[in-house]
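Overview (structure and organization)
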Amino acid sequence: MSNDEEMAIRGRMMTDYTEAKKRKVILQAERERLGSLINYVGVCMQGEHPHITASFKEEHFAALDAPKVRELLDETKENTELIANLRKQLMALGLSLD
């Protein structure tokens, strides 16, 4: 492998790592948003005042979409594994991260 090819591979790995770290932040924000919506629905469901459910919005019901939540959690797991693998590979190449 030529030096140029090796540098291109390193550059691509660094780009992938950076993009995965950005995606991690986006996924965390989405988990927090869904968690807040689900928590709100839970509090309302446990309340004794039926009028409180009138404040439900479509986004509250959408947050209860189990396949969507599973997809988000699966993507989070995959992203976490990707970051760990890229980090390991980059460190093996002698690159410092963070």
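The structure contained in this document is the topic of the report that follows. What you see is a predicted model; the values in this text were computed from it and never measured.

1. Some remarks on the overall build of the chain
Looking only at helices and strands, the chain has 3 helices and 0 strands in total. For the chain, the α and β elements follow one another from N to C terminus as α-α-α. Overall, the chain is about 70 × 20 × 15 Å in size when its C-alpha atoms are taken along their principal axes. Within the chain, the proportion of its 98 residues that are buried is 19%. Partitioning the intrachain contacts of the chain with sequence separation of at least 6 by distance along the chain shows that 71% fall at a separation of at least 24. Side-chain charges in the chain split into 14 positive and 17 negative, and the spacing between the mean points of these groups amounts to 4 Å.

2. Considerations on the side chain of Thr76
Its location among the elements puts Thr76 in helix α3 (residues 66-92). A relative accessible area of 15% means that Thr76 is categorised as buried. In this structure the side chain of Thr76 is engaged in a polar contact, spanning 3.1 Å, whose partner is the side chain of Arg31. What Thr76 contacts, discounting residues up to four positions off in sequence, is Leu27 and Arg31.

3. Notes on α3
Compared with the 39 Å implied by 1.5 Å per residue over 27 residues, the 39 Å span of α3 between its first and last C-alpha is a close match. What α3 keeps buried is the set Leu72, Thr76, Asn79, Ile83, Leu86 and Leu90. Packing partners of the buried residues in α3 comprise α1 (3-46). Downstream of α3 by one or two residues, Gly94 has phi in the positive range, about 85°.

Here is what the cut-offs are and how they apply
- Residues numbered from 1 in each chain as written.
- Predicted model: local features only at pLDDT ≥ 70, side-chain atom pairs only at ≥ 80, totals over all residues.
- Heavy atoms only, no water.
- Helix = DSSP H or I, 4+ residues; strand = E, 2+ residues; numbered from the N terminus.
- Buried < 20%, exposed > 50% of the residue type's maximum accessible area, 1.4 Å probe, protein only.
- Contact = heavy atoms within 4.5 Å.
- Lys, Arg positive; Asp, Glu negative; His and termini not counted.
- Charge placed at Lys NZ, Arg CZ, Asp CG, Glu CD.
- Polar contact = N/O pair within 3.5 Å; in protein donor to acceptor, adjacent residues only side chain to side chain.
- Expected span 1.5 Å × (residues − 1).

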